[in-house]
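Descriptive analysis of the structure
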Amino acid sequence: MIEKYFIHLPMIYNEKIAFETAAHLLQINAIKLEPKNPFSWASGWKSPIYCDNRLALSFPKVRAYLTDAIAQQVTALYGTDVTIAGVATGAIGIGALVAQKLNLPFVYVRPEPKKHGRQNQIEGIVQEGQAVVVIEDLISTGMSSLNAVTAIEAEGIEVLGMIALFTYGFSIAENNFKEAGVQLYTLSDYNHLIQHATASATIKKEQQETLVNWRKDPANWKP
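Structural notes, computed from the coordinates. (Residues numbered from 1 in each chain as written. Predicted model: local features only at pLDDT ≥ 70, side-chain atom pairs only at ≥ 80, totals over all residues. Heavy atoms only, no water.)

**A closer look at the packing of aromatic side chains**
For the structure shown, the criterion picks out 11 aromatic pairs. With centroids separated by 5.5 Å and ring planes inclined at 40°, the aromatic side chains of Phe39 and Tyr50 adopt a geometry described as tilted. Taken together, the residues span a long stretch of sequence, with Phe39 in strand S2 (residues 39-40) and Tyr50 in strand S4 (residues 49-51) at a distance of 11 residues. With a relative accessible area of 38%, Tyr50 lands in the partly exposed category. Centre to centre, the rings of Trp41 and Tyr168 are 5.1 Å apart; their planes meet at 45°, and the pair counts as tilted. Of this pair, Trp41 sits in the loop between S2 and strand S3 (46-47) while Tyr168 sits in the loop between strand S9 (159-167) and helix H5 (171-180); the two residues are 127 residues apart in sequence, bridging distant segments of the chain. Using a relative accessible area of 15% as the deciding quantity, one classes Trp41 as buried. Taking relative accessible area as the criterion, Tyr168 reaches 3% and is therefore assigned buried. What links up through ring pairs into an aromatic cluster is the set Trp41, Trp45, Phe166, Tyr168, Phe170, Tyr190 and Trp214. (Phe/Tyr/Trp six-rings, centres within 6.5 Å; stacked < 30°, edge-to-face > 60°. Helix = DSSP H or I, 4+ residues; strand = E, 2+ residues; numbered from the N terminus. Buried < 20%, exposed > 50% of the residue type's maximum accessible area, 1.4 Å probe, protein only.)

Below you can see the structure in the form of structure tokens.
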């Protein structure tokens, strides 16, 4: 068992969905694990994992599963009298699919206002008094996700919470969401991913150790 290596964050709503989501994302290579050939992140970090959940949109069965899972959680947690907001650009597709599934209004939030035209940061219409649930594809530090929340709240709109496909589970993200007072749930996380990858022999036992060590101190990890 490897749970002792991880900080358990109160983010997972359904354990079964957490493992199934990890399996789907690994199957379609939306999440790639390369302990021996690390990736370089834009931040300069070296990482044995790379996540691009937008690939799920190209796989009908996977995107349907993820859409249904998020839609179920939106309904269970927040009801259906809400507007769905996708964070640009990664969560526009899945957010729109969730809104369509639930027959709800949809908007998306840019990282910053446009430089021309109406200079919108929020694209679409949020009715006054309508609460919002934000959909995100990936949580790392959480800053870009929370930037979207700030933009919505600046318009006087209440954000009930956020649901994301996957989180690395960094403590900095937990702290950022707690400080912002934003409720966060994710379909899956790094812990469930590594457990599934090990159990399914996607990675070897010795590779598991590399992945665990990276998670302890990703900023200073070296292959």
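Moving on from the model shown.
**Section: the pairing of strand S8 (residues 131-139)**
The buried fraction of S8 amounts to eight of the nine residues, a majority that puts the element mostly inside the structure. Inspection of the sheet shows strand S5 (residues 82-87) paired to S8 by five bridges, in the parallel sense. Bridged to Thr83 within S8 is Val132. Alignment of S8 against S9, held across seven bridges, turns out to be parallel. Looking at S9, one finds that Glu136 is bridged to Ala164. Following the chain from S8 across helix H4 (residues 143-153) to the adjacent parallel S9, one finds a crossover that is right-handed. (Pairing = 2+ DSSP bridges. Right-handed = clockwise from strand over helix to strand, strands pointing away.)

**With respect to helix H7 (residues 205-216)**
With 12 residues, H7 extends 17 Å from end C-alpha to end C-alpha; this agrees with the ideal 16 Å at 1.5 Å per step. All buried positions along H7 are accounted for by Gln207, Gln208, Leu211, Val212, Trp214 and Arg215. Projected down its long axis, H7 shows its buried positions confined to an angular sector of 160°, all on one face. Projecting away from the buried face of H7 at angles above 90 degrees are the exposed residues Glu206 and Glu209. For H7, the secondary structure elements touched by its buried residues are strand S1 (31-33), S3, S4, H5 and helix H6 (190-199). (Expected span 1.5 Å × (residues − 1). Arc of directions from axis to C-beta. Contact = heavy atoms within 4.5 Å.)

**Things to note about the pairing of S9**
Across the nine residues of S9, eight count as buried, placing the element largely inside the fold. Across five bridges, the pairing between S9 and strand S10 (residues 184-189) is parallel. Of the residues in S10, the one forming a bridge with Ala164 is Thr186. With respect to chirality, the unit in which S9 leads through H5 into the neighbouring parallel S10 is right-handed.

**Remarks on the sheet that holds strand S7 (residues 122-123)**
Within the open sheet, the six strands sit side by side as S7-S6-S5-S8-S9-S10. Their pairing is mixed. Whereas interior strands pair on both sides, the edge strands pair on one side only; in this sheet they are S7 and S10.

**What to know about the packing of helix H1 (residues 15-27) against helix H2 (residues 60-78)**
Interhelical geometry of H1 versus H2 gives an angle of 155° and a closest axis separation of 10 Å. Considering their axes alone, H1 and H2 lie roughly antiparallel with respect to each other. Where H1 crosses over H2, the handedness of that crossing is left-handed. The segment H1 lies against H2, with Ile17, Glu20, Thr21, His24 and Leu25 engaging Val62, Tyr65, Leu66, Ala69, Gln72 and Gln73. (Axes fitted to C-alpha atoms, helices over the stretch in contact; angles between N-to-C directions. Parallel < 35°, antiparallel > 145°, perpendicular 65-115°, else oblique. Left-handed = near helix turned anticlockwise from the far one by under 90°.)

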